[in-house]
Amino acid sequence: MTDLYPPADDRELLRQAAAAHTAATREVEAFLRRLPTVPDPADVTEYANLLTREDQTRGDRDAAADAAGLTIGSLESDQGQ
């Protein structure tokens, strides 16, 4: 019997992880656009939660990239050493 929903390959998982990270980043941007001039404690808490989610989705994206064979070394320059 043919599987109607074949398992996602590593590239599809990477695309999904990238989309989730993009969505999390857009939520941070949307929050910053509506941020009042003087943030209150609730704003600070919301911002912290949004950054945590963005960081988690970036980690998921990086892990998915590794699984798809897109492992890269440091992006930091070794200039001056």
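Check the entry above for the structure.
Residues numbered from 1 in each chain as written. Predicted model: local features only at pLDDT ≥ 70, side-chain atom pairs only at ≥ 80, totals over all residues. Heavy atoms only, no water.

Q: Please provide a residue-by-residue account of the packing of aromatic side chains, values included.
A: According to the stated counting rule, one finds 1 aromatic pair in the structure shown. Ring centres of F31 and Y47 lie 5.8 Å apart, and the angle between their planes is 20°; this geometry places the pair in the stacked category. Of this pair, F31 sits in helix α1 (residues 10–34) while Y47 sits in helix α2 (residues 41–67), and the two are 16 residues apart along the sequence. You can call F31 buried: its relative accessible area is 2%. Residue Y47 is classed as partly exposed on the basis of its relative accessible area, which comes to 33%. (Phe/Tyr/Trp six-rings, centres within 6.5 Å; stacked < 30°, edge-to-face > 60°. Helix = DSSP H or I, 4+ residues; strand = E, 2+ residues; numbered from the N terminus. Buried < 20%, exposed > 50% of the residue type's maximum accessible area, 1.4 Å probe, protein only.)

Q: I'd like a rundown of the environment of G69, residues and numbers included.
A: Along the chain, G69 falls in the segment after α2. The exposed category is assigned to G69, whose relative accessible area is 58%. Counting along the chain gives 58 residues from G69 to R11, while the straight-line C-alpha distance between them is 9.2 Å.

Keep in mind these values describe shape, not function.
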